Amino acid sequence: MLILALGQLPAAVENIQLSDVCTFLGVEAPKFAGISLQLPLKLGDTTKPGYRNALWFMPTKQYQTLLRLALDVTVTDNLNDLIFSKVGLAVHGAQVILRKSGTFGNDSGNIALQSTSEIIFTTEILIAGEDPNTAIPFTATLIYSFGDGSTQIIVQCNADRTQWSRYLTWVEKKLNIPTGIMDLLPVEKSWFPLPRRVSLTLDSKISITALSINFEVEAAFGQNTAFLFTFNYTPNHKELSASLWPGPPATSLFSPPLTASMMPDYEDYQVFEPTDKSAQTTINLTDLLDSGTSLGTVIPNGILPTVTGLSLDLVLETLPSGKSQNTIEFYAMMKGSDSVTASVPKISLNSLGVDLKYAFGTSDFNLALDFSLALNSRSSANYVPVVFTGSIYYYNHGIGGSGSPCWQLEASVNGLMVGHLVSFFEPESQNGVMDLIEHIEIQEIGILYNYDPSGAGNHFQIDGTLLFGVMQLTLKFEHWPNDKWEFTADLVAPDETATINSVLGYISDEIQLPDFIGNIKLLSENSGLHLAVGKMDLTIDGTPVPYTFLQIDIKLGDFDVMFLQYTTAGWTDPKRIFRALVSGLSDDIPHIPVVDQLKQPYDELFFLYVQDSSGQPKSGILRQELDILKGDPNGAPITPPFLWKDTVRPDKVTPTDIIYAVGLHFDVVAIEKDGPIVVLDHLFSADPPTSSSELALVGDAPADSGSGSDASMGAMKKTFGPLTISNIGIQFKNKHLLIILDATFALGPIALDLLGFGLDLDLSKAGVSLKDLPIPTPTISGLGFGFNQPPILIDGLFERVHTNDGSDLFLGGVVVAFEPYLFMAAGCYGIMVSGSDNYKTVALYALLEGPLVELEFAEIDGICGGFGYNSNVKFPTIDTITSFPFIAKTGLGPTPLDTINNLLNPTTGCINAQDGSIWLAAGLNVDAFKLLNVNAVVVIEFSAADVKLGIFADVIAVFPPDPESFKMIYAELGLMATVDFGAGTMLIQGQLAPTSYVLDPACHLSGGFALGYWFGSNQHAGDWVFTIGGYHPQFQAPSYYPSVPRLGITWSIDNSLCISGQAYFALTPNACMGGGQLKASLSLDPLYAYFEAFADFLIKFQPFYFIGDAGIDVGVRFTLDLWIVTIHINIDIGAELYIQGPPVHGYVHVDFWVFGFDIYFGDQQPAQTAVDLLGFWALLKQQSQAAQLLAGLGAANMLVPTGSLTDTPDPIDPTPGDDVRDKAHQIGCVGGQITSAAQSQQTPEAESWNVRAGPFAFAVTSPFVIGHVDIEQGASVDGSGQPIYSRPMELPGALSSIMTIKVTRTEEGQVFTDTGFRIQAPAFSRVPAAMWAQYSAAEDPLVTGNFNNPMTSKTDLASTTILHLMSVTAIAPKPYYPDPTTEPITKFNAVDASSEDVYTTPLPVASTGTASTNWEPVIPTPSSEWTDVPQLWGTPDWGVGAQKTTVDVWTTAMGAAWKNGLDADGALDSSAPGDLLKGFEAYYIAAPLMTVAAAA
């Protein structure tokens, strides 16, 4: 702010008129009645006090500029006559103050200068008629408003009490305004007014429109206090009010501080302060009371006793007696503080309004502290705050008029949520309560909050109305000391649309009960709903943990339901449980034959709903939470009490046992002598629905045991005439509640079992619920028959089963026992539903046990078999083979029903329906040598896409076999061999059972073996593995490899000596591994000794590499106690060997207890030994040297692959006379070959093929991966598209592999290339990654060092095989079809062309003579029949040359014509047929017979 003082110029203007001032200010002339615009003015003497001429510039106030000038009125007669005389005043001097202000403002978006002006007259006056020489003058200020033309005269009175009557007389007499002020002031208080100011407001006609009188009173409230009284008058109204004199203005913000007169807005008439500058501006509340009166108790905590902004009203009241009484009423403000103490949740107030009223001279008074308070919810709820208004009343004689003085807070608020009441709960319960009910709407509430004599809050009660939609509940929330509180609400009247689901929906939208309970309406006049919220401490791990809960009890006549949810700190959501006592069954149960009238078979039936979204490790109601199910400890207990079925043994009980599992339950309760017990807890939906759309699935979706469509059974015995019920069950599916009963009729040795017998309650019908149950429908699904008359026992059954998907099954079985035989059979027939299609299924199983066939060394004492059509058998794993029903006969169960369940159960059975699948099974049980028991079965399964074969056996060896003798060995071995041709897997496994031992039952045997092979379309085709006892510890076997336990022995001879050992061996396409471990320990307190040795080796084939480690460790520990000293001695000596190669290198680590060292040997950084292309080719041909590969090869037919290596040696010249064919490539005729009886289809490669041209096809298979195949002047084909690498060659890049095939033919000595050969079937095979994967130096131990093992890394074994092209099949060119236009075929007679006369003349018929007996066969000798003929054929008994003589005789006998058709030399070969004699037994089905002559 900039201040410029304005001084008077030496040549000041003397003749200034009022009109000049108006022109200067830029305003219209003031319309003072009769005041002349020629009113003479002059600049005053600025050196005198009161003359402030200055210019103020304030940039921070929109660049405000303010000008103030003071001028003297030289002639006052006009003012006196025309204005002041009208109000009984006389002017003795006047001054005019001019004020003009200008600021920059916004005018329709443009910056414009805005200005205001003001004219103020200040005068010295007397009351008219007073002697100016004796009367005390006072000042008056006349302010003219340019807006409405009104004039305000402010008379500044002298601070002299003696002048009070003078001013009052002026007002009442001169102005004719009766005030009555003196009547209102209490005479007994000696309040003496001190006049300070009178303000008159005049209109343009100089008529008084308003009057205000200000006077000061030093009242007897506290010490050194001054009150400012104000009397206000208008023609229609007058009043007297007072207030504690306001404090001085705030200290100036400027430095150094400016005086008040230097401020731009300062004028003398505005200064209004008490005469005593040290008067207090605040006062204590208790000081306002009348003398002799005090508060009977302290002010409530959290309220400061000092009042500010105090004002008061004085009222003169007329009592009924006619007397007058002075009454005073105070109004003030008080502030709150943070120091609030209370034994209940505190209310912190920021500010309060004080209303205190009493009559002078009496002890009674009324005191109220008014306030308004914003109620906020938790930040997580973020509800809009609501304003809570009320008062704190002081009751001098107690509430009700009889009692000790006290304070009580009374307040109310409308339209809020329970979440707004969070501050009325102690901090420990706030979050828990809000988590449960903060979202519930409250229509209105009123609160009564009480304070104890110390001013601390000690009790409150909130009453109001809760809203559940349109339903109203009366709310009562009461809080006592020690954190004891009660929050309840009761239904006022039910709503016709309200249901149980809608009521619970106001609690949480996650609660959705099934229709049969949730849609029950609250319509009855006897309906009631009680809601309670409370807290309870539960002991968790020995520590009290606070829980908060919400309980709702709904009563619908005789039908009661209860809902409870509770939570504690750390839970994400509360746990909930809902319970309803199901109404009793109707007495109108239809008549049942034999049973007659069946009564309700149970005592009580409860429906329960359990939900848990708390996020805790265990879901459900836990044992440690059961106390909360007993109800509020401060209220009535829950009745009837919660009951549960405890399935935990007493010695296994833990606080975290699950008592009620999450889901929907039906609980059957029986009333026993000792009280009610739960005999059955049926969980029919393990995942409670949270929306109506999910409710349709309740009872249909499978869940845990006993849920969904499964039935739960419990023991409960009841008798109804001849009917005995031993068990009761519950099943819920398709919205039908089935009460299942195990019922039996016993008629002597014959017993009839009613299968599926029970009562069906259809809960899907309209108007049906657990409150109004439908009439039950009796059901039965089958009949069981039993005959027990030793030695014959017969059990049988027949049952029909309907499944959820609409399938219809007929099950049956029979068991016949006649010592020592047992026959069991079971089967099923059904029509299965699969989507929109149906198919029929059949499965049969039969078993016969007892002595059947006895051999010299073995006895067959059991056979079994099975057949299935449109069904399949689930093969067991090696771990479950002993429980496979075809193996473990005892696992089938003692009854036909058990057998059917174990075979056909969807989860535990081994037979399931499957369209298009057929299976056969056969097995037997053999006891051999009385030492070995073999139980084996063979299963074969066929389907359109697959064939599976499985052989399973359980072998038990015991020695000695005598049951009473000590067993030296007991070994049980599970065996399985499976082949799945569709999946391309073969797996053979064996594993010892944990019960196996040798020498001593404490000497346990363990371990197994496995052989796996993958083929065909399997993604791992070509891979295989064989292992006994598992794999190397560092070998990371692929996931599809079988897991095999170590071969091991563990023998704890006694408590002091223990010996154990393990061993393993495994072979894979690229590695071999083996190892073992031996441990021994001796514990003889205080001596402990141990020994440990191990060895593990891992060998990789290509390139050859091995890694091994072995070690031994021996140690002794000794502990000796000597009085107060304990001596510990510990000695450990060990050594470990780490070796790998080639070249061989490694190190030995020696550990001598307190120190150790390493000894390295070999080259720790050996040079790399990559093979060249020829070496790689040799590896592929499984030859040790490349020279052996190329021996005898010529350049014309060399098939050695070409590569990019520059150091490939030249081919080795073949040795003359060697076979020059490349045996590595396999070439075979696969189509069109012409064979004779004496020829093999597999013609050796050295021989020619006789083929038909059309179907001719041949295959070429290469040991080298093929990237591309070209048939010269024919077709071509690409390989798999994957790069071709060579890991043994250690090349970073890929190789190129192109196979070229050339087919030639020879005609008349000339060689021609056949054209047009086609490729029919390229054959892709999986090859070992050890040979064909990309080389990585990061996985090469010779590069990385540090004994890294590439054979144990996942990257090395991620794919053990790679798909590549290895073989192609070529077929003959297409037939040649001549062009009929250029090469026509002439007409011919096809019949004549196909016919020829064999003989031109008829053949003579020769006469037949008697055959010589020398041609008749002789009976062969059995021991030499296969050797006699070849021997005589090669060396006949007729001597050397007999063969040639015979052939020559034969040739001569046949004549010259026949001879001309022989070889060029005209002779037959008389040597023995070598090929025939080599495969003699293969070519002849039976040994040829010799003639009599030959045999002689």
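**Q** Mind laying out the overall build of the protein chain, listing which residues take part and the relevant values?
**A** Along the backbone of the protein chain there are 21 helices and 72 strands. Taking all contacts inside the protein chain whose residues are at least 6 apart in sequence as the whole, residues at least 24 apart take part in 57%. Split by element, the accessible area of the protein chain, about 77700 Å² in all, is 56% carbon and sulfur.

**Q** Outline the pairing of strand β27 (residues 559-567), supporting the account with residue identities and numerical values.
**A** Among the 9 residues in β27, 8 count as buried, and that is most of the element. With 9 bridges connecting them, strand β26 (residues 543-556) and β27 associate as antiparallel partners. Paired with Ile-552 across the two strands is Phe-563, which belongs to β27. Following β26, the chain reverses through 2 residues before pairing antiparallel with β27; Gly-557 in that reversal takes a positive phi of roughly 65°.

**Q** Tell me about the sheet that holds strand β67 (residues 1298-1301), and please be specific about residues and values.
**A** Taken together, the 3 strands give an open sheet; going across it, the order is β66-β65-β67, and neighbouring strands pair in mixed fashion. Looking at which strands have only one partner, the edges of the open sheet turn out to be β66 (1276-1278) and β67. If you compare each strand with its neighbour and ignore which way they point, the axes differ by 10° on average. By the bridge criterion, 4 bridges tie strand β65 (residues 1268-1271) to β67 in an arrangement that is parallel. Following the sheet pairing, Val-1269 is matched in β67 by Met-1299.

**Q** Report on the pattern of salt bridges, specifying residues and quantitative values.
**A** Applying the stated criterion across every chain yields a total of 21 salt bridges. For Arg-378, the salt bridge identified is with Asp-435, shortest N-O distance 3.0 Å. Here Arg-378, found in the loop between β18 (365-375) and β19 (386-395), pairs with Asp-435, found in helix α5 (residues 427-437); they are 57 residues apart in sequence, far enough to count as distant. When its relative accessible area of 15% is taken as the criterion, Arg-378 is described as buried. On the accessibility criterion, Asp-435 (36% relative accessible area) is partly exposed. Here Asp-646 ties to Arg-623 by a salt bridge, and the two come within 2.8 Å at their closest N and O atoms. You can see Asp-646 sitting in the loop between β30 (621-622) and β31 (658-660) and its partner Arg-623 sitting in the loop between β30 and β31, a full 23 residues away along the chain. Taking relative accessible area as the criterion, Asp-646 reaches 36% and is therefore assigned partly exposed.

**Q** Residues and numbers for the packing of aromatic side chains, please.
**A** The final tally for this structure, using the stated rule, is 55 aromatic pairs. Taking the centre distance of 5.7 Å and the plane angle of 20° together, the rings of Tyr-1013 and Phe-1015 count as stacked. Here a set of aromatic residues connected by ring pairs shows up, and it is made of Phe-388, Phe-424, Phe-425, Tyr-449, Tyr-451, Phe-460, Phe-477, Trp-485 and Phe-487. Lys-100 extends its terminal NZ or CZ atom over the ring of Phe-24, reaching a point 6.0 Å from the ring centre. Cation over ring: Arg-579 sits above Phe-642, and NZ or CZ is 4.5 Å from the ring centre.

**Q** Residues and numbers for helix α3 (residues 164-174), please.
**A** Taken together, the buried positions of α3 are Trp-164, Arg-166, Tyr-167, Leu-168, Trp-170 and Val-171. Taken from the residues just after α3, Asn-176 is the one with a positive phi, measuring 60°.

**Q** Please give an account of the environment of Leu-1057 that cites residues and values.
**A** Examined against the element boundaries, Leu-1057 turns out to sit in strand β56 (residues 1057-1068). With relative accessibility at 28%, the residue Leu-1057 sits in the partly exposed group. Spatially, the C-alpha atom of Leu-1057 lies 6.5 Å from that of Ser-1083, the residues being 26 residues apart in sequence. The contacts of Leu-1057, once residues within four sequence positions are left out, are Trp-1051, Ser-1052, Ser-1081 and Leu-1082.

**Q** Can you tell me about the side chain of Ser-1367, naming the residues and giving the values?
**A** Tracing the backbone through its elements, the reader meets Ser-1367 in strand β72 (residues 1361-1371). Under the relative-accessibility criterion, Ser-1367 is labelled buried at 11%. A polar side-chain atom of Ser-1367 sits 3.1 Å from the main-chain carbonyl oxygen of Val-1260. Discounting chain neighbours no more than four positions away, the residues touching Ser-1367 are Val-1260, Thr-1261, Ile-1266, Ala-1321, Pro-1322 and Ala-1323.

**Q** Summarise helix α1 (residues 18-25); cite the residues concerned and give the values.
**A** Looking only at α1, the buried set comprises Leu-18, Val-21, Cys-22 and Leu-25. For α1, the angular spread of the buried residues around the axis is 100°, confining them to a single face. The inward-facing, buried residues of α1 abut β2 (16-17), β3 (40-43), β6 (89-107) and β7 (110-127). Immediately beyond the C-terminal end of α1, within one or two residues, lies Gly-26, with a positive phi of roughly 75°.

**Q** Can you tell me about empty space enclosed by the protein, naming the residues and giving the values?
**A** Applying the stated rule across the entire model yields 7 cavities of 30 Å³ or more. Put simply, the largest cavity is a space of about 50 Å³. Surrounding the largest cavity, Arg-579, Phe-606, Leu-608, Pro-641, Phe-642, Leu-643, Tyr-660, Asp-667, Val-669 and Val-678 form its lining. Taken together, the elements giving at least two residues each to the lining of the largest cavity come down to β29 (604-612) and β32 (663-672). For the lining of the largest cavity, the residue count by class is 8 nonpolar, no polar and 2 charged. Volume-wise, the second largest cavity comes out at about 50 Å³. Looking at the lining of the second largest cavity, the elements that each hand over two or more residues are β43 (821-834), β44 (837-854) and α9 (896-904). Its residues assigned to classes, the lining of the second largest cavity comprises 9 nonpolar, 1 polar and no charged.

**Q** So, the pairing of strand β23 (residues 471-480): which residues are in play, and what are the values?
**A** Of the pairings in the sheet, the one linking strand β22 (residues 457-468) to β23 comprises 9 bridges and is antiparallel in character. For Phe-468, the partnering residue across the bridge sits in β23 and is Met-471. What sits between β22 and β23 in their antiparallel hairpin is a turn of 2 residues, with Gly-469 showing a positive phi close to 70°. Hairpin connection from β23 to strand β24 (residues 484-491): 3 residues lie between these consecutive antiparallel strands, with Asn-482 at a positive phi of about 65°.

**Q** Summarise the nonpolar core; cite the residues concerned and give the values.
**A** The biggest cluster of nonpolar side chains holds 180 residues, and the ones touching the most others in it are Phe-229, Phe-487, Ile-517, Phe-578, Phe-607 and Phe-666. Looking at this core element by element, the count peaks at 6 residues for β18. For Phe-578, the contacting residues outside a window of four places in its chain are Ile-500, Leu-504, Leu-513, Ile-517, Val-561, Met-562, Phe-563, Phe-607, Leu-608 and Tyr-609. Ranked by size, the runner-up nonpolar core spans 31 residues in total, among them Leu-811, Met-832, Cys-864 and Phe-886.

**Q** Before we move on, can you summarise the confidence of the model for the protein chain with the specific residues and values?
**A** Detailed reading of the predicted model is not advised wherever pLDDT is low. Per-chain confidence: the protein chain averages 80 in pLDDT, with 86% of residues scoring 70 or above. In this model, residues 1237-1244 is a region of pLDDT below 50 whose contacts with residues beyond four sequence positions or in other chains number 10 contacts.

**Q** Describe in detail the side chain of Thr-978, supporting the description with residues and values.
**A** Looking at the secondary structure, you find Thr-978 in strand β49 (residues 969-980). When residues no more than four places from it in sequence are discounted, the contact partners of Thr-978 are Phe-875, Leu-949, Gly-950, Phe-952, Thr-985, Met-986 and Leu-987.

**Q** If you had to explain the environment of Val-492 to someone new, which residues and values would you point to?
**A** Inspection of the secondary structure puts Val-492 in the loop between β24 and α6 (500-507). Along the chain, Val-492 and Thr-474 lie 18 residues apart, while their C-alpha atoms are 6.5 Å from each other. For Val-492, the contacting residues outside a window of four places in its chain are Gln-472, Leu-473 and Thr-474.

**Q** I'd love a proper account of unusual backbone geometry, names of residues and values included.
**A** Of note, the bond from Thr-639 into Pro-640 is cis; its omega dihedral lies within 30 degrees of zero at -10°. With respect to the element layout, Pro-640 can be found in the loop between β30 and β31. Look at the link from Glu-819 to Pro-820: it is a cis peptide, with omega at 5°. Mapped onto the elements, Pro-820 comes out in the loop between β42 (808-818) and β43. For Asp-541, which is not glycine, the phi dihedral falls at a positive 55°. The topology assignment puts Asp-541 in the loop between β25 (527-540) and β26. Here Asp-541 falls in the exposed class, since its relative accessible area comes to 73%. You will see that Leu-999, though not glycine, has its phi angle at about 70°, which is positive.

About the criteria used
- Residues numbered from 1 in each chain as written.
- Predicted model: local features only at pLDDT ≥ 70, side-chain atom pairs only at ≥ 80, totals over all residues.
- Heavy atoms only, no water.
- Helix = DSSP H or I, 4+ residues; strand = E, 2+ residues; numbered from the N terminus.
- Contact = heavy atoms within 4.5 Å.
- Areas by Shrake-Rupley, 256 points an atom, 1.4 Å probe, with all protein chains shown as cover.
- Buried < 20%, exposed > 50% of the residue type's maximum accessible area, 1.4 Å probe, protein only.
- Pairing = 2+ DSSP bridges.
- Axes fitted to C-alpha atoms, helices over the stretch in contact; angles between N-to-C directions.
- Salt bridge = Lys/Arg side-chain N within 4 Å of Asp/Glu carboxyl O.
- Phe/Tyr/Trp six-rings, centres within 6.5 Å; stacked < 30°, edge-to-face > 60°.
- Lys NZ or Arg CZ within 6 Å of the ring centre and 35° of its normal.
- Polar contact = N/O pair within 3.5 Å; in protein donor to acceptor, adjacent residues only side chain to side chain.
- Arc of directions from axis to C-beta.
- 1 Å grid on protein atoms, 1.4 Å probe; cavity = no way out; pocket = protein on both sides within 12 Å on 5 of 7 lines; lining within 4 Å.
- Points joined across faces, edges and corners; volume = space filled by probe spheres on them.
- Nonpolar A, V, L, I, M, F, W, Y, C, P; charged D, E, K, R; others polar.
- Core = buried A, V, L, I, M, F, W, Y, C linked by side-chain atoms within 4.5 Å.
- pLDDT = per-residue confidence, 0-100.

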